[in-house]
Amino acid sequence: MELLIATHNTHKIEEIQNIIGPDHTVKSLADYDLYDEIIEDGNTFEENALIKAKYCFEKTGIPSLGDDSGMVVEALGGRPGIYSARYAGNHDFDKNIDKVLREMDGEKNRRACFTTVLCFYNGKEYYFHGEMWGKILNTKTGEHGFGYDPVFVPEGENITYAEMSLEDKNKISHRKKAIENFLDYNRIFKIW
């Protein structure tokens, strides 16, 4: 079965496909020749996830999954939060990470949470959440992953997401938890 994800981010598509497995095909906006920028002007992860999912459904008629994810840092009052992808430069995660590290300079409280909210939209909206708590390092470490992965060490681990293989990251990640919640709900209620 096919699932349309409201993103052009190939890393996110690869990660979701890896989590969902080979029985389902994950498609991106590019697979449907949708290149308009989706304006994420919501005030919460839930609102932005709905905006993305609803856009895809209205353009294609295909039940769609919107994903809004971000890094919530305690010492920064929850920033960058919903602005994670455009905190210092639109999807320029080197700049985004550098800004967070500058703001965290000298801060002892390094606690942070990767948050994912999925909205599945098929004419009705359904929400699924996933979180992974951990800490922010002082420097980037690792070559894998994307976004804030090079500075985030999940609780119970001693390496960053960016030092993990995709398979290892997907065993514990915030996105994995949200997708599992979606799949578990779907097994019972057959929304997709």
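See above for the structure.
So, here is what we can say about the structure in this document. (Residues numbered from 1 in each chain as written. Predicted model: local features only at pLDDT ≥ 70, side-chain atom pairs only at ≥ 80, totals over all residues. Heavy atoms only, no water.)

### Here's the deal with the overall build of the protein chain
Put simply, the test is: Helix numbering and strand numbering both begin at the N terminus, where a helix is a DSSP run of H or I of at least 4 residues and a strand a DSSP run of E of at least 2. Our radius of gyration looks at C-alpha atoms and nothing else; its globule reference is 2.2 Å times the residue count to the power 0.38. Burial classification: accessible surface area is computed with a 1.4 Å probe over protein chains only, and a residue below 20% of its type maximum counts as buried, one above 50% as exposed, and the rest as partly exposed. Here a residue-residue contact requires only that any non-hydrogen atoms of the pair lie within 4.5 Å. Only the protein chains shown count as cover for residues, and the accessible areas themselves come from Shrake-Rupley with a 1.4 Å probe. Note on charges: Lys and Arg go in the positive column, Asp and Glu in the negative column, and His and the chain ends are not counted at all. Charged groups are reduced to one reference atom each: NZ for lysine, CZ for arginine, CG for aspartic acid, CD for glutamic acid.
In terms of regular secondary structure, the protein chain is built from five helices and six strands. Mapped from its N terminus to its C terminus, the protein chain presents α and β elements in the order β-α-β-α-β-α-β-β-β-α-α. Compactness check: the protein chain gives a C-alpha radius of gyration of 16 Å against a globular reference of 16 Å for 192 residues, within 12% of the reference. Expressed along its principal axes, the backbone C-alpha trace of the protein chain runs to roughly 50 × 30 × 25 Å. Counting all 192 residues of the protein chain, 48% fall into the buried class. Nonlocal contacts in the protein chain, meaning residues at least 24 apart in sequence, comprise 54% of its contacts between residues at least 6 apart. Counting every atom, the protein chain has about 9500 Å² of accessible surface; 47% of that belongs to carbon and sulfur. In the protein chain, 23 side chains carry a positive charge and 33 a negative one; their mean positions are 2 Å apart.

### Regarding the side chain of Asn48
We count it as follows: Polar contacts here mean pairs of N or O atoms no more than 3.5 Å apart (in protein, one a potential hydrogen donor and the other a potential acceptor; neighbouring residues in sequence count only if both atoms are side-chain atoms).
Relative to the helices and strands, Asn48 is located in helix H2 (residues 45–60). A polar contact is formed between the side chain of Asn48 and the side chain of Asp68, at a distance of 3.4 Å. Look past the residues within four positions of Asn48 in its chain and what remains in contact with it is Glu40, Asp41, Gly42, Asp68 and Ile82.

### Quick look at the pattern of salt bridges
Counted only if it meets this: Salt bridge criterion: a side-chain nitrogen from Lys or Arg within 4 Å of a carboxyl oxygen from Asp or Glu.
Scanning all chains against the criterion turns up 17 salt bridges. Its salt-bridge partner being Lys59, residue Asp36 comes within 3.9 Å of it at the nearest N-O pair. Remark: Lys59 occurs in helix H2 and Asp36 occurs in the loop between strand E2 (25–27) and H2; sequence separation between them is 23 residues. With a relative accessible area of 44%, Asp36 lands in the partly exposed category. The exposure class assigned to Lys59 is partly exposed, which follows from its relative accessible area of 47%. Of the charged contacts in the structure, one is a salt bridge between Lys140 and Asp98, with a shortest N-O distance of 3.4 Å. Of the two residues, Lys140 is situated in the loop between strand E5 (125–136) and strand E6 (152–154) and Asp98 in helix H3 (residues 93–103); the sequence distance between them amounts to 42 residues.

### Notes on the packing of aromatic side chains
Threshold: Classification of ring pairs rests on two measures: the distance between centres of Phe, Tyr or Trp rings, Trp counted by its six-membered ring, which must be within 6.5 Å, and the angle between planes, read as stacked under 30 degrees, edge-to-face over 60 and tilted in between. Should the NZ of a Lys or the CZ of an Arg lie within 6 Å of a ring centre and within 35 degrees of the ring normal, that charge is described as sitting over the ring.
Counted according to the given criterion, the structure contains 12 aromatic pairs. Plain terms: the ring middles of Phe128 and Tyr185 are 5.5 Å apart, the flat faces sit at 65° to each other, and that makes the pair edge-to-face. On the criterion of sequence distance, the pair formed by Phe128 in strand E5 and Tyr185 in helix H5 (residues 174–189) is long-range, its members being 57 residues apart. Taking NZ or CZ as reference, Lys99 lies 4.2 Å from the ring centre of Tyr87, over its face. Lying across the ring of Trp133, Arg111 places its NZ or CZ 4.0 Å from the centre.

### A word on helix H1 (residues 10–20)
Quick reminder of the rule: The directions considered for the arc are those from the helix axis to the C-beta atoms.
Along H1, the positions that sit buried rather than exposed are Lys12, Ile13, Glu15, Ile16, Ile19 and Ile20. With its buried residues spanning 165° around the axis, H1 presents them on a single face. Where H1 is buried, its residues meet strand E1 (2–5), E2, strand E3 (64–73), helix H4 (166–172) and H5. The opening residue of H1 is Asn9, an N-cap whose side-chain oxygen sits 2.9 Å from the backbone nitrogen of His11.

### Topic: the nonpolar core
Convention followed: Each nonpolar core is a collection of buried residues, namely Ala, Val, Leu, Ile, Met, Phe, Trp, Tyr and Cys, held together in the definition by side-chain atoms within 4.5 Å.
The biggest cluster of nonpolar side chains holds 19 residues, and the ones touching the most others in it are Met71, Val73, Ile136, Tyr148 and Phe152. Top contributing element to this core by residue count: H3, with four residues. In this structure, Ala178, Ile179, Leu183 and Ile191 belong to the second largest nonpolar core, which totals 18 residues.

### With respect to unusual backbone geometry
In this structure, the amide linkage connecting Arg79 to the following residue, Pro80, adopts the cis form with an omega of -5°. Even without glycine at this site, Asp33 takes up a positive phi of about 55°. Of note, Asp33 is situated in the loop between E2 and H2. A positive phi angle, close to 60°, is found at His91, a residue other than glycine. Assignment of secondary structure puts His91 in the loop between E3 and H3.

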